[in-house]
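So you can see what is in the structure, the chains are spelled out below.
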Amino acid sequence: MANKPIRLLIAASGTGGHLFPALATSEQLKDYQIEWLGVPNRMETQLIGDRYPLHTIPVEGFQQRLGLGTLKIALRLVSSVFQVRRLLKTGEFHGVFTTGGYIAAPAILAARSLGLPAILHESNALPGKVTRTFSPFCSVVAIGFEKAAQYLPKAKTACVGTPVRSPFLATPKLDLPIPENVPLIAIAGGSQGAVAVNKLVRQCAKSWIDAGAWIFHQTGDNDPEVDSFQHPHYISMPFYPNMAGLLHRATLVISRAGAGTLTELAVTKTPSILIPYPFAAEDHQAYNAAVFADAGAAVVYRQQELTAQQLEQQVLDWLKSPESLQKMAEAAGALAVRDSSDRLAQLVREWVEK
Ligand SMILES: CC(=O)N[C@H]1[C@@H](OP(=O)(O)OP(=O)(O)OC[C@H]2O[C@@H](n3ccc(=O)[nH]c3=O)[C@H](O)[C@@H]2O)O[C@H](CO)[C@@H](O)[C@@H]1O
């Protein structure tokens, strides 16, 4: 294999939480020839197309109740496995790396049926269904949180943290017109935004601003009331690419509990209020959030129980208590695995170059 470039197929699709860790890992594999496997019309078609050749296959999740729909999806999965097998063979790939989700199933099955290594990274504390089902077939399963190992008893696991994009490891400036000496409250709804959190935040915003804070609100692009609160100290955007600058600068963050954002909060040592997405598969965001709450790095509220008054007061209390914020910041920092992309890339190399 010495002179032949190593060819790796990365299967990562759908949301920032799946795509960004895969991209961060790919940056550590610059000597590899990388191609990407995704699904049509998902975020990868905008994010990946300029960087790597992108192949797409139509896969989707199993519905809860068995029926004709499920049969159709199962048939589609079988046909996807054959498609990926063809791609792996004709492209002469040496292995597959995936960050889980539906795209992982055909990628893992196709690779293993050809005797190629399949490396899976799972960033959530409660691994997704696909990870739990297909991890025994993987060469190795890298996990973001130690806790995930207990749900994967038949897999060979290695805890490597979750990779963040390289700007998070530096201290990039915030390119927004916000004064340097004011408290900044940032709201991060995950790569899709969080309408219910947005609503609560808008009810509290005036009182936080009156207490001297500025607010940056990442709203997502599906909030019909997005323009209903306006103030010179309140900036909102559907999606903000410089999350690294934002989280480094933020005094505190109000966020969903996607594994990607949590990892970034740890690396940037940012205190947070976490409101797990209540409809996430198997409530997995609550498991992520619990890791941070148990470590003293965040306070967690269930969306169903949280009132605007509670949220408003929690933030006002913290604005008056820099010591509490400092304690949480340190606890968040203690959860960070800063060399995660290195570790994960190393693991990929170990298996693909075996
Ligand atoms: C609703 C849902 O099920 N979400 C899941 C999805 O993540 P989802 O993509 O929703 O959320 P994550 O927090 O994991 O990742 C969001 C990523 O997008 C970035 N970002 C977000 C907004 C923005 O304006 N700019 C920006 O760059 C964040 O910095 C982060 O890197 O996959 C994750 C990994 O399996 C899971 O943990 C999440 O629970």
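Note that the structure is a prediction, hence the values are computed from the model and not measured. (Residues numbered from 1 in each chain as written. Predicted model: local features only at pLDDT ≥ 70, side-chain atom pairs only at ≥ 80, totals over all residues. Heavy atoms only, no water.)

1. Remarks on the UniProt feature "domain: Glycosyl transferase family 28 C-terminal" (unreviewed entry) in the chain
Spelled out, the test is: UniProt positions are given in the numbering used here, feature names are shortened, and annotations may be inferred rather than shown by experiment. Starting at the N terminus, helices and strands are each numbered in turn, a helix being any DSSP run of H or I of at least four residues and a strand any DSSP run of E of at least two.
Under the feature "domain: Glycosyl transferase family 28 C-terminal" (unreviewed entry), the UniProt entry names residues 185-343. Here residues 185-343 is 45% helix and 14% strand, with 32 Å between the C-alpha atoms at its ends.

2. Description of the pairing of strand β4 (residues 95-98)
Selection criterion: In this scheme, a residue with accessible area under 20% of its type's maximum is buried, one over 50% is exposed, and one in between is partly exposed, where area comes from a 1.4 Å probe on protein chains only. By this definition, two strands are paired if DSSP reports at least two bridges between them. Here, the term right-handed applies to a crossover whose path from the first strand over the helix to the second runs clockwise when the strands point away from the viewer.
Burial along β4 is two-sided: the face carrying Gly95 and Phe97 and the face carrying Val96 and Thr98 are both buried. The sheet contact formed by strand β1 (residues 7-11) and β4 spans 4 bridges and is parallel. Looking at β4, one finds that Ala11 is bridged to Thr98. A crossover connection joins β4 to the parallel strand β5 (residues 118-122) through helix α4 (residues 104-113); in handedness this β-α-β unit is right-handed.

3. Considering the site of the ligand
Put simply, the test is: Near is defined per residue: the residue qualifies when any heavy atom it owns lies within 4 Å of the molecule or strand. We call two N or O atoms a polar contact when they sit within 3.5 Å, provided that within protein one can donate a hydrogen and the other can accept it, with sequence-adjacent residues counted only if both atoms are side-chain atoms. Only the protein chains shown count as cover for residues, and all accessible areas are computed by the Shrake-Rupley method using a 1.4 Å probe. Under the scheme applied here, ten amino acids are nonpolar (Ala, Val, Leu, Ile, Met, Phe, Trp, Tyr, Cys and Pro), four are charged (Asp, Glu, Lys and Arg), and all others, including Gly, are polar.
With respect to spatial proximity, 23 residues lie near the ligand, and among them Asn124, Ser191, Thr261, Glu264 and His284 are the closest. A distance of 3.3 Å separates an oxygen atom of the ligand from a polar side-chain atom of Thr15. Between an oxygen atom of the ligand and a side-chain N or O atom of Asn124, the distance comes to 2.5 Å. Within the complex, the protein chains bury 91% of what would otherwise be the 760 Å² of accessible surface of the ligand. The set of elements that each furnish at least two residues to the shell around the ligand consists of α1 (16-26), α8 (259-267) and α9 (284-294). Of the residues contributing to the shell around the ligand, the split by class is 6 nonpolar, 15 polar and 2 charged.

4. As for the packing of helix α3 (residues 68-90) against α4
Quick reminder of the rule: Only C-alpha atoms enter the line fits that serve as axes; for helices the fit covers just the stretch in contact. Angles between N-to-C directions range over 0 to 180 degrees. The scheme is simple: roughly parallel for angles under 35 degrees, roughly antiparallel for over 145, roughly perpendicular for 65 to 115, oblique for anything else. Left-handed describes a crossing in which the near helix is turned anticlockwise from the far one by less than a right angle; the clockwise case is right-handed. We call two residues contacting when some pair of their heavy atoms lies within 4.5 Å.
In contact at an axis separation of 8 Å, α3 and α4 are set at 55 degrees when each is read in the N-to-C sense. In terms of axis orientation, α3 runs oblique to α4. In this structure, α3 meets α4 at a crossing whose hand is right-handed. Contacts between α3 and α4 involve Leu77, Ser80, Val81, Val84, Arg85 and Leu88 from the first element and Ala105, Pro106, Ala107, Leu109, Ala110, Ala111 and Ser113 from the second. Among the residues forming the contact of α3 with α4, the class breakdown is 10 nonpolar, 2 polar and 1 charged.

5. Considering the packing of α8 against α9
Closest axis-to-axis distance for the α8/α9 pair is 10 Å, and the angle between their directions is 15 degrees. The orientation of α8 with respect to α9, classified from their angle, is roughly parallel. The hand of the α8/α9 crossing is left-handed. From α8, Ala259, Leu262 and Ala266 reach across to α9, where they touch Asn288, Ala289 and Phe292. For the contact of α8 with α9, the residue count by class is 5 nonpolar, 1 polar and no charged.

6. So, the nonpolar core
Rules: Nonpolar core, defined: a set of buried Ala, Val, Leu, Ile, Met, Phe, Trp, Tyr and Cys residues in which side-chain atoms within 4.5 Å join the residues together.
Of all hydrophobic cores here, the largest spans 34 residues; its most connected members are Ile178, Leu246 and Phe292. Mapped by element, the contributors of at least two residues to this core are β8 (184-188), β9 (214-218), α7 (243-249), α8, α9 and α11 (322-334). With residues up to four places along the chain from it excluded, the contact list for Leu246 reads Leu174, Leu184, Ala186, Phe216 and Tyr240. In terms of nonpolar packing, the next biggest core, distinct from the first, is built from 31 residues, Leu9, Leu37, Leu120 and Ala155 among them.

7. Here we look at the pairing of β5
With 5 of its 5 residues buried, β5 lies for the most part within the structure. Going residue by residue along β5, you find Ala118, Leu120 and Glu122 tucked away on one face and Ile119 and His121 tucked away on the opposite face as well. Taken together, the 4 bridges between β5 and strand β6 (residues 140-143) define a ladder with parallel strand orientation. For Leu120, the partnering residue across the bridge sits in β6 and is Val141. Note on the crossover from β5 through helix α5 (residues 129-134) to β6: the handedness is right-handed.

8. Brief notes about the environment of Ala12
With respect to the helices and strands, the residue Ala12 is situated in the loop between β1 and α1. On the basis of relative accessible area, Ala12 is assigned to the buried category, the value being 0%. Placed 104 residues apart in sequence, Ala12 and Leu116 show a C-alpha to C-alpha distance of 18 Å. If we ignore the near neighbours within four places in the chain, the residues touching Ala12 are His18, Leu19, Ala22, Trp36, Leu37, Gly38, Glu44, Thr99 and Ile103.

9. Some points on the pattern of salt bridges
Quick reminder of the rule: For this document, the term salt bridge refers to a Lys or Arg side-chain nitrogen within 4 Å of an Asp or Glu carboxyl oxygen.
Overall, the coordinates contain 13 salt bridges when judged by the stated rule. Here Lys4 makes a salt bridge to Glu92, at a shortest N to O gap of 3.8 Å. Linking Lys4 in the segment before β1 with Glu92 in the loop between α3 and β4, this pair joins segments that are 88 residues apart in sequence. Residue Lys4 is classed as partly exposed on the basis of its relative accessible area of 48%. Looking at Glu92, the relative accessible area reads 47%, which means it is partly exposed. Put simply, Arg202 and Glu225 hold a salt bridge, and the shortest N to O gap is 3.9 Å. Separated by 23 residues along the polypeptide, Arg202 in helix α6 (residues 195-210) and Glu225 in the loop between β9 and β10 (234-237) bring together distant segments of the chain. Taking relative accessible area as the criterion, Arg202 reaches 10% and is therefore assigned buried. Residue Glu225 is classed as partly exposed on the basis of its relative accessible area, which comes to 37%. By sharing partners, the salt bridges in this structure join Lys199, Arg202, Asp223 and Glu225 into a single network.

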